[in-house]
Every structure is written in structure tokens, then in C-alpha cells.
Amino acid sequence: MTAPVQTTATPPQGRRRRRRYSQLSRGDKITLWLMAGIPTLIHVVFVWVPAFMTIALSFTKWDGLKLGTWKPVGFANYWAVFTVFDGKFFPALFNNIILLVFLSLCSIIGVLFAYLLDKNIRGSAIYQSIFYMPVVLSLAIVGFIWKSVMYSPRQGLFNVVLGRTGQGNQIDWVGNSEKIFTFNIPGLDTSLGLTKNFAAILVAMAWRHIGYVMVLYLAGLKSVDPAMREAAAIDGCNEWQAFRRVIFPVMKPINVVVFVITVIEALRAFDIIFALKSPPGTKVLGVLVRDNLVGEGGGQVGLGSAYGVVLLLLCLGFIIWYLINNYRETET
Amino acid sequence: MSEGYEQSPSPSDVGFQLVTRRGLIVGAAAVAGVGLLAACGDDKDSGSTTPGTDGGTETTAAGGTDTTAAPSGDAVTVGVNEAEGTKPYDGAKAGLDATGVPYKGNFVDHNSFQDNITSYLQQPDDLFTWFAGYRMRFFAEKGLAGDISGVWENLPDFTEGFKTASTGNDGKQYLVPTSYYPWAVHYRKSLFEEKGYTVPTNKDELLALATKMQADGLVPFAYANDGKWPVQGTFDILNMRLNGYQFHVDLLAGKEDWTGEKVKAVFALWTTLLPFHQENPNGRTWQEAATALESKEAGMYYLGTFVSSNSTDQAYLDDLDFFNFPELDPAIGATALDAPIDGFMMAGEPKNAEGAMAMLTAIGSLEFIDAVNAVNPSAVPANSKFDASKFTAIQAKSAELVGSAEFIAQFLDRDTSPDFVSNVIADAFANFHADPTSIDSILSDIETQKSQYL
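1. Some details on the overall build of chain B
Now for step 1: Across its full length, chain B carries 19 helices and 12 strands.
Now for step 2: When burial is assessed residue by residue, chain B has 51% of its 454 residues classed as buried.
Now for step 3: The contacts in chain B between residues at least 6 apart in sequence include a share of 79% that link residues at least 24 apart.

If you want it as C-alpha cells, here you go:
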């Protein structure tokens, strides 16, 4: 390592020698400070400051009109979230949980597709393009496409194909909030369940999510050393054993990425439901935050912030769990 | 707008056409052209008056090309909730130009304007477009809107009804109205003639007509609730027909009990009327419902007069007519209706109060509304001196309908706190349509959640 930077560095002088010896020149240090400092500053200003302000505001009542007119109310907003608005909060939370389970299934399907496409089957480039196409669209656009092209009661593809476009026998895909299954939790007066229209939205999300995971995983599979497959084959592994015992463990970094993406997508879900104007029974936590904070109805800054903090805690819980797990494994 | 909940349409938008493919291309070309011309302009202050209309009074801050400091201290700044390139924008601009007062316009897309009103009012223009109702009174109470009682002394052209609608809780005026549109039952004249239907005037006739239509294979009422505002109109009219105008006001001000007998009666009637409506309204847009009326699948449609903007077929538009929602209780009558009013308000602390007041007086004059209506004849001018011979057919009927009404409500989402509507009422009504039998628990939810907003 004889980079010119090191050769031009001035030898440390007496006074400086007491300090720790550094191989870095002044210019290097400035560069480092700038490179670390600017992103840190941006991060603090745009992520941490708003986050702490949100937490602070969640303990106040404020209509968002004039600065300084907020009134501290203690935990009243949280009390409202869990008692007054329990009929909104818990179904939304449950929808997020359903989303997490469902997207996990989609991720598994995406991995399966990737594995199949990796087999160099004929026309694999075409399949890849087809599955990947939805990924370039934002979820909001996906929502618009499905709502107008697929789910419209009068002109939608599904109703046309099923012959259900007539008056009276139309299927209302996006509007029907009947529950497919319900269950009651003791102490909670709203019954939880999966509504039909949320299920319809899930299908639209799957359309995109499967392709996303597929491409990620396919990229990973391409980098697996073919010699390992050969070795597995020579050792007499069948297809499943080769995947389970050889490929999957080697793919660990990609697996983690897929897992993290799935969880994040499930918790932050917002755009598609918002784009569909959040029909009854489809609200998720992100939509509740938005409803109380933004728009002409956004006069409940305290309440909206309280929803936001609850969502933050859920995410934090997951992140902390993930970090602990990850460090523990790297230590051993 | 749109958040989960969309706001009901504004009178100034009433005449809008749906964007056609051709319109899109033309619009795109127009936008591209504007982009080139106004390359150095800034979005917020894009242009003000067109030179020429009445020469000497123009400011120098014309057209996005001038970015140097115009003497904006003299010009009145005006925030308008219409984006460039729309017909309402052209109308508003023509009207403001006709006032002869130097001004600097700040034209913002309608929904963005309404969505961002809270932050906008931190640093508002001297004048801004807004509408009558709860929010006007709310902003007035918070000191965010300026008292313009002085202006009203010079506005002889408005009826008492409009003055009341422009008055805040303290008895002072805060709005100069410009235009409005009514909600009514729309129908096709040819269909009524063909089947021998007559316009119903009371509950029995309404039910008889609806039953007859059903027997004829029609859906009596087209119905939609996508965006969650359309059925609020139905609630409003049923409530005002059963319980009267004052109850509507008190209920929405939070003074009445949502779990009380009066509200329950509204929902009981609504439940019995639902079989006469298109089913599953939650997933249907009002445009789709309007198509059902146009194609004669549905016999009637209770909506604002903007229902006509869904079609360009002149034969259909000539065939389209409307009548006042019939009386349901003879003791109450059919004297109240929803007719949202748009207008201009002044900021709480305008930079140029004198100019702003002068401009408001001019906005209340006939010249202003004449100029607007010449370009955009959609909603009905609020000015009573407006020459009725210039009305379009729909405007004339609307003016007649509203003129005969004793009480004019603004619309549910304008007559109460918008938080309450978008976070509570909108969802509650959607849930009611998903499962009408659960109305008791829905109403008790409204009642408990109300305390958080009102």
C-alpha cells in the first residue's frame, strides 16, 4: 500500500507525536469529516429531529394552525387511540399483520419463481420480464391500474370475464367490506377479520411483490458457485435437499434482505390503500397517521402523532430484534 | 385530494369536463408551452393580470417573465384554488382582471389548496378563495380571516340569505360570495315521458314512483360513494327533510346526539330506501353512477348539478332535468337544501388591507361575476342582480330552485369540522352501507369519537 497520499504526509513533529499517530493527512481528515458529517447532519435534521418532535407532539393537543398554541395533555392521545378509536386502530393493526403474513407467502413464491427461472428454462428472459414489469410501477399506480382495469364493477376485466357486469349481479371488488373470517378478542368490542376488499388489494400487491423478490433472489442465485451444485449432485442430493442444505444457506445475505424488505413493506404499506381512497375495512396504520395529520381534516396533530409513535414503536421493536439476532450470529 | 377521504366538489369546479384523451394531449402541449414561456417564473407567483383588458390599472408583475421586484406593495395578493389551464381558472382570472384593482395571483390546484389550507393560512395572500360554512366561521374565530363588515355596507346586490351564509359567529361578515350550485334529484325527461312518470312531491309519491320504476326493470336511484363524500348528500337531505334545517346545523355543530331518536329515524328511513338504490355504492364512483342515469339503467340520481359534467353528449344534456327532493314530513316541508357557496375571504392580517377591501367590493359587483360567467358559466352567480337572460338552462333552474328555498345548507363536510367528517363520518357512512344492520354500533362510535373533534 504505497498510495501517494501516504508518501506526501508530513512526518509527525514533536508536539503532535503525543497525539495518536495518524496516517491521514489534513485533506483526508477534512474529506472524512465532510463525508461523515454531511450525511449525519442530514440524517439528524430530517430523521431524528422530526421523529423526536413527533414524539413530543403526541403528548399535546394542537390544531396545527398557529405555532405555540399546543396544549400538553399527557397520555390523552394514546388513551384515545386505544379506547375511543379502538374500532379504527385494532382493525388497522390487524390489517398490517395480515399484510405481513401474506407478503411473506408472496416472498416464498417469489423465491420459488427465481429458483425455477434460474434453471435456464426456455424463454426465461420473457418470464423474467413479465414478472418484473409491475415492479417498475409505484404501488399507487398499481392501485389505480387494478381499480380501473381489473376491479371496476362495470368495466373491470374480472367482472367482464365472469359475466357479472349487469345491474344487480356486479361484484364490488374494492368496495365490499364484508369479512371473510372474523374472530373476537376478549376485552375488545370490535371483531377483527379479513375484509373482502382488503383481500382484493392484497392480490394487487402480490402482483408487484412477487416480481420484486424474484428479481432480488435471481440475482443472488446467479452468483452461487456452480461447483457447489455439482458437488451436491455428486453427493446424491435431490433437488429439494440441494436447495435446502446447500443453496439456501449460501444465500443468507439475500435471504436477510428479502426478509427485511417484506417486513418493511408490510409495516409501511400506505400508498396503494391511499390511492384507492381507503375503502371501508382496508385501513392500515400508515393511513390513520395520514388522516389525522395531513389534508383539510388534518387538525388533530396530537392524535396523528400518537398513531405515528405507535407505528414507530412497532418498527423499532422489529429492528431491535433483528439487530440483536444479527450481532449474536456474527459474534459466534 | 384526496386522502382517503375526498372533499365534495366546489361550485367553481362544477362545470369541469372529464379529461378526454384529446384534452390530455392539448393540455400537455399547453403545459409544455407554458413551461417554455415561463421558464424563469416561479410556480407560486405564476403571472397575474393579462395586459390589455383595462390598461392603466395593470401591475407590472405580468406573466411569469418578470421576476424583478414589481411594486408588489401596491398590488393585492390573491390566492385562488384553481390551477392554470382549467376553465374555472380562466373564469376566476377574467373576473379578477375585471375588478380593475392591481393584483398578483397565486393559482393553486383545487385539491392541493384545500388540503394545504392549514399551512397556507400561516402566510396567506391578502385575499383567498374559500367557502361558506363551519370552516369559514372557524377561521374567523381563530383570527385567521379578516372582518369585512365594512365591505358588506357597499354590497347591495346580495340577498339576506347570502349575507347570513357569509357571517361568522360574532355577527360580522367574513366572505364575499361568488357562486353556488344546488343538490337535487336528476332525471331524464324522455324517460319520464316514455314511462308516464311524474315528478314526486311527497314521500308516498316518491315511494310509489320508485316501486313503479323497479317494476319496469329500472334502478330507481343511481348511487355511488367512492371518495366517501357522495352519500353525505343523501344523509343531509333525509336529515333536513325529517328533522329540519336547524337540527342539521345543531347536529353538525356537535350539539345534538348522534345516538338520539332523530338521527336513528334518518337511518331507519335510509335503510328502507336503500333497496331502491344501486347496491354496493362504496366501490362506485359518481361518474359511474351518472353513466347509469345516462344509459337509462337508473331512473333518478340525487347529486349536485355537476352530474351533467360527466357527459359531452348534447342530446343527453338537453334531456337532463332535476327536481327538488320531495317532502318527507308535511310538518317540515321541503324548504331546505344543500347548495355549497364559494367566495373570497380576507387574511387576518393582510399586507394591503385597503387594496384588499377595495378588491372585495369589486368582487361583489356585477362586473366581476359577468366577466367570470362569460368565460365559465357553470355554477350559479351569487349576485342577485345578475342578468337572468345570460343563464344557461341548468343555471336558470338552479337559481330558481335555490331562490325558492328557505334554508340553504352548505353540505355536510362544509357544515362541520373537516377532521370530524374525514376521520369519523365518512368511514361511518361507508360502514353503514357495507352493513346497514350495524347502524346502532356505528352511531354510538360516532357519538364517542365526536368529542375528540367538536
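2. What to know about the sheet that holds strand E11 (residues 380-381) of chain B
Residues and elements named next belong to chain B.
Now for step 1: What the six strands build is an open sheet, ordered E2-E1-E3-E10-E4-E11; its pairing is mixed. On the outer flanks of this sheet lie strand E2 (103-107) and E11, each paired with one strand and no other.
Now for step 2: Across two bridges, strand E1 (residues 76-80) lies against strand E3 (residues 127-131) in parallel orientation. Counterpart to Gly79 in the pairing with E3 is Phe128.
Now for step 3: Across the sheet, helix H2 (residues 87-98) lies against E1 and E2, angled at about 165° from E2, the strand it touches most.

3. So, the sheet that holds strand E8 (residues 320-323) of chain B
Residues and elements named next belong to chain B.
Now for step 1: Strand order in the open sheet made by the four strands is E6-E7-E5-E8, with mixed pairing throughout. The outermost strands of the open sheet, each flanked by one partner alone, are strand E6 (219-222) and E8. Taken pair by pair, the neighbouring strands of this sheet meet at an average axis angle of 30°, ignoring direction.
Now for step 2: Of the pairings in the sheet, the one linking E6 to strand E7 (residues 298-304) comprises three bridges and is parallel in character. Along E7, the bridge assignment pairs Val219 with Ala298.
Now for step 3: Packing of helix H13 (residues 286-294) onto the sheet brings it into contact with strand E5 (183-188), E6 and E7, and relative to E7 it is tilted by some 140°.

4. Topic: the interface of chain A and chain B
Now for step 1: The partner chain B presents 37 residues to the 35 residues of chain A that form the contact.
Now for step 2: Of all the elements in the fold, those that place two or more residues in the side of chain A that touches chain B are helix H4 (76-84) and helix H14 (285-293) of chain A.
Now for step 3: Residue contributions to the side of chain A that touches chain B peak at four residues, all from H14(A).
Now for step 4: Classifying every residue of the side of chain A that touches chain B gives 13 nonpolar, 15 polar and seven charged.

5. Focus on unusual backbone geometry
Residues and elements named next belong to chain A.
Now for step 1: The backbone of Asn120 shows a phi angle near 55°, a positive value even though the residue is not glycine.
Now for step 2: As for its position among the elements, Asn120 is in the loop between helix H5 (86-117) and helix H6 (124-132).
Now for step 3: Look at Asn120 and you get exposed, because 6 C-beta atoms sit within 10 Å.

6. As for the pairing of E1(B)
All names here are of chain B.
Now for step 1: Taking burial as the measure, the five residues of E1 include five buried ones, the bulk of the element.
Now for step 2: Taking every second residue as pointing to the same face, both faces of E1 are buried, with Val76, Val78 and Val80 on one and Thr77 and Gly79 on the other.
Now for step 3: Taken together, the five bridges between E1 and E2 define a ladder with parallel strand orientation. Counted as the bridge partner of Val76 is Tyr103 from E2.
Now for step 4: In terms of handedness, the path from E1 via H2 over to E2 forms a crossover that is right-handed.

7. A look at the confidence of the model for chain B
Now for step 1: Averaged over chain B, the pLDDT score is 83; the fraction of residues at 70 or greater is 85%.
Now for step 2: Scored as a complex, the prediction yields pTM 0.77 and ipTM 0.71.

8. Quick notes on the nonpolar core
Now for step 1: Membership of the largest hydrophobic core comes to 115 residues, with the highest contact counts inside it found for B:Ala222, B:Tyr301 and B:Leu360.
Now for step 2: Looking at which domains feed residues into this core, each of domain 1 (11-181 + 340-390) and domain 2 (183-338 + 417-450) of chain B gives three or more.
Now for step 3: If we skip the residues at most four places from it in the chain, B:Ala222 touches B:Gln278, B:Ala289, B:Ala290, B:Ala292, B:Leu293, B:Ala298 and B:Tyr301.
Now for step 4: Within the second largest apolar cluster, 56 residues are counted, among which are A:Phe89, A:Leu117, A:Leu218 and A:Tyr307.

About the cut-offs
- Residues numbered from 1 in each chain as written.
- Chains lettered and ligands numbered in written order.
- Predicted model: local features only at pLDDT ≥ 70, side-chain atom pairs only at ≥ 80, totals over all residues.
- Helix = DSSP H or I, 4+ residues; strand = E, 2+ residues; numbered from the N terminus.
- Buried ≥ 20, exposed ≤ 12 C-beta atoms within 10 Å, placed from the backbone.
- Contact = placed C-beta atoms within 7 Å.
- Pairing = 2+ DSSP bridges.
- Axes fitted to C-alpha atoms, helices over the stretch in contact; angles between N-to-C directions.
- Nonpolar A, V, L, I, M, F, W, Y, C, P; charged D, E, K, R; others polar.
- Right-handed = clockwise from strand over helix to strand, strands pointing away.
- pLDDT = per-residue confidence, 0-100.
- Core = buried A, V, L, I, M, F, W, Y, C linked by C-beta atoms within 7 Å.
- Domains from an automatic or database assignment.

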